Amino acid sequence: MLFLAWIGLAGGSNGGYTWTLFILAIFFCVVLHELGHALVAKRLGVNTRDITLYPIGGVAMLDSRPQPRQELWIALAGPAVNVVLAVLITIAILIRYGGIPPMGKNLQNMSFLEALLIANLTLAIFNMIPAFPMDGGRVLRAALGLAMPEAKATQIAGGIGQGLAVLLGIVGLFTQGYILMLIAFFVFIGASQEISATVTRSFLHGHVISDAMQTSFRTITSGESLDGAANLMIHGSQHDFPVMNGDEIIGVLTRNQIAQGLAADGRSGYVAGWMLRDFKTANPNIPLEQAMEMFPQADPTPILVMEGDQLLGMVTMENLSEFVMLEHAKAQSRQSRAAT
């Protein structure tokens, strides 16, 4: 984290072990901050997929999009953890020193507990800045979302975040605050990505997965050679193939598996040896927004749309992107007709 890097540089000359322990303590506080989000989300019925630490903080990745009221409480939970930690540290300082020492001292001259108190207060305040990807941006979006559609609320909150990022960048430029400029860059990118993702989800709203699935595609048998699979891919536009054993679907063969199999086993390798046996399936009536969430960055494999044991269609990231593009074009057309 940039915040940790700044603390390390500021206090590095004050001794090795103490500041190493301090960095680890702040890291632990950040993890507790994200766990606060995750625990409140779970309490509200929203599961957390994972927690990732980024240069300006952490992000708890939720399995589904919470409602505005849910998002409000989830977003507030993280900074609330830092406030609680600050209160506990203040009590420890009172017990240890019999009072609160002056807070105007340089970070290098503070005790471990004093510096940790300042760090938690800073984390709470910094995260409440109303800009994505900080918690304050999500609080603002949730508050606006109580009175307007999510897409509009996100555009307003994201625009405010981008404006604040530009101001931070200008301040950093004139004060030679390179860390501040880097933070401004991440804030601006985070706000832009949030706006883009929400606008994309707005085009999926109201649709089910069967609206976007491919219904014209080829399957391949488990006994087929990898050379045969490669020919199917080369002579068509399809990159992923459901693998059949008779009438039963037993796997999915992707472009990457074909390439890896050819490199390892050559043209005579078999599909059965390289297919993915653990594949994603979905009912044709699930919301398309839910289907979008089934494509994490680490797993771009297609979704097989099934009704019982019958394969109805297939959804890939490519054709889902095409669906969004066409819905965007339709929306622009409607806006143009309305304007005239």
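See the structure above.
A brief structural summary. If you're wondering where the values come from, they're calculated on a predicted model, not measured in any experiment.

## Considerations on the sheet that holds strand 8 (residues 310–315)
Inference 1: In spatial order, the strands read 6-7-8; together these 3 strands make up an open sheet with mixed pairing. Sheet topology places strand 6 (280–282) and strand 8 at the edges, where each strand pairs with a single neighbour. Across the sheet, the mean angle from the axis of one strand to that of its neighbour is 35°, orientation sign disregarded.
Inference 2: Of the pairings in the sheet, the one linking strand 7 (residues 303–307) to strand 8 comprises 5 bridges and is antiparallel in character. Across the sheet, the residue bridging to Val305 is Gly313, located in strand 8.

## What to know about the packing of aromatic side chains
In this description, a pair of aromatic rings is defined by centroid distance and the angle of the planes.
Inference 1: Taken as a whole, this structure holds 1 aromatic pair when the rule is applied.
Inference 2: Pairing Phe185 with Phe186 gives two aromatic rings, centres 5.7 Å apart and planes at 75°, and the pair type is edge-to-face.

## Regarding the pattern of salt bridges
Inference 1: In the structure shown here, the tally under the stated rule is 2 salt bridges.
Inference 2: The shortest N-O distance in the salt bridge between Arg141 and Glu71 comes to 2.8 Å. One end of the pair, Arg141, is in helix 5 (residues 135–145); the other, Glu71, is in helix 3 (residues 68–97), with 70 residues separating them in the sequence.
Inference 3: Residue class for Glu71 comes out buried when judged on its relative accessible area of 7%.
Inference 4: With its nearest N and O atoms 3.3 Å apart, the salt bridge here joins Arg267 to Asp227.

## A few points about the sheet that holds strand 3 (residues 220–221)
Inference 1: On the basis of which strands lie adjacent, the open sheet formed by 3 strands has the order 3-4-5 and mixed pairing. Each edge of the sheet is formed by a strand with only one pairing partner; in this case those strands are strand 3 and strand 5 (248–253).
Inference 2: Where strand 4 (residues 241–245) and strand 5 come together, 5 bridges link them in antiparallel fashion. When the bridges of strand 5 are listed, Pro242 appears paired with Val252.
Inference 3: Strands strand 3, strand 4 and strand 5 of the sheet are contacted by helix 8 (residues 226–234), whose axis makes an angle of about 140° with strand 4.

## Considerations on a nonpolar patch on the surface
Inference 1: The grouping of Val166, Leu167, Ile170, Leu173, Phe174, Leu182, Phe185, Phe188 and Ile189 at the surface amounts to a nonpolar patch, some 860 Å² of accessible area in total.
Inference 2: Counting residues per element, the ones that place at least two in the nonpolar patch are helix 6 (150–174) and helix 7 (178–204).
Inference 3: Of the residues forming the nonpolar patch, the biggest block, 5 residues, is contributed by helix 6.
Inference 4: With respect to the helices and strands, the residue Leu173 is situated in helix 6.
Inference 5: Since its relative accessible area comes to 54%, Leu173 is described here as exposed.

## Description of the side chain of Asn120
Inference 1: Turning to its location among the elements, Asn120 is positioned in helix 4 (residues 112–127).
Inference 2: According to the relative accessible area criterion, Asn120 is buried, its value standing at 0%.

## Overview of helix 6
Inference 1: A rise of 1.5 Å per residue sets the reference length of helix 6, with its 25 residues, at 36 Å; its end C-alpha atoms lie 36 Å apart and thus fit the reference within 8%.
Inference 2: Those residues of helix 6 not exposed but buried are Ala153, Thr154, Ala157, Gly158, Gly161, Gln162, Ala165, Gly169 and Gly172.
Inference 3: Next to the buried residues of helix 6 lie helix 5 and helix 7.
Inference 4: Looking one or two residues past helix 6, Gln176 carries a phi angle of roughly 55°, positive in sign.

## What about the packing of helix 3 against helix 5?
Inference 1: Closest axis-to-axis distance for the helix 3/helix 5 pair is 8 Å, and the angle between their directions is 155°. With respect to helix 5, the element helix 3 is oriented roughly antiparallel. Seen from above, helix 3 lies across helix 5 with left-handed handedness. Side by side, helix 3 and helix 5 meet where Pro68, Glu71, Leu72, Ala75, Leu76, Gly78 and Pro79 of the first sit next to Asp135, Arg138, Val139, Arg141, Ala142 and Gly145 of the second.

## Examining helix 9 (residues 255–265)
Inference 1: Of the residues making up helix 9, those classed as buried are Gln257, Ile258 and Gly261. Buried residues along helix 9 cover an arc of 100° about the axis, so they all sit on one side.
Inference 2: Looking at the buried side of helix 9, the elements it contacts are helix 8, strand 4 and strand 5.
Inference 3: Looking one or two residues beyond helix 9, the residue adopting positive phi is Gly266, at roughly 80°.

Criteria and cut-off values
Residues numbered from 1 in each chain as written. Predicted model: local features only at pLDDT ≥ 70, side-chain atom pairs only at ≥ 80, totals over all residues. Heavy atoms only, no water. Pairing = 2+ DSSP bridges. Helix = DSSP H or I, 4+ residues; strand = E, 2+ residues; numbered from the N terminus. Axes fitted to C-alpha atoms, helices over the stretch in contact; angles between N-to-C directions. Phe/Tyr/Trp six-rings, centres within 6.5 Å; stacked < 30°, edge-to-face > 60°. Salt bridge = Lys/Arg side-chain N within 4 Å of Asp/Glu carboxyl O. Buried < 20%, exposed > 50% of the residue type's maximum accessible area, 1.4 Å probe, protein only. Contact = heavy atoms within 4.5 Å. Patch = residues over 30% accessible without salt bridge, like charges linked within 9 Å, V, L, I, M, F, W, Y side chains within 5 Å. Areas by Shrake-Rupley, 256 points an atom, 1.4 Å probe, with all protein chains shown as cover. Expected span 1.5 Å × (residues − 1). Parallel < 35°, antiparallel > 145°, perpendicular 65-115°, else oblique. Left-handed = near helix turned anticlockwise from the far one by under 90°. Arc of directions from axis to C-beta.

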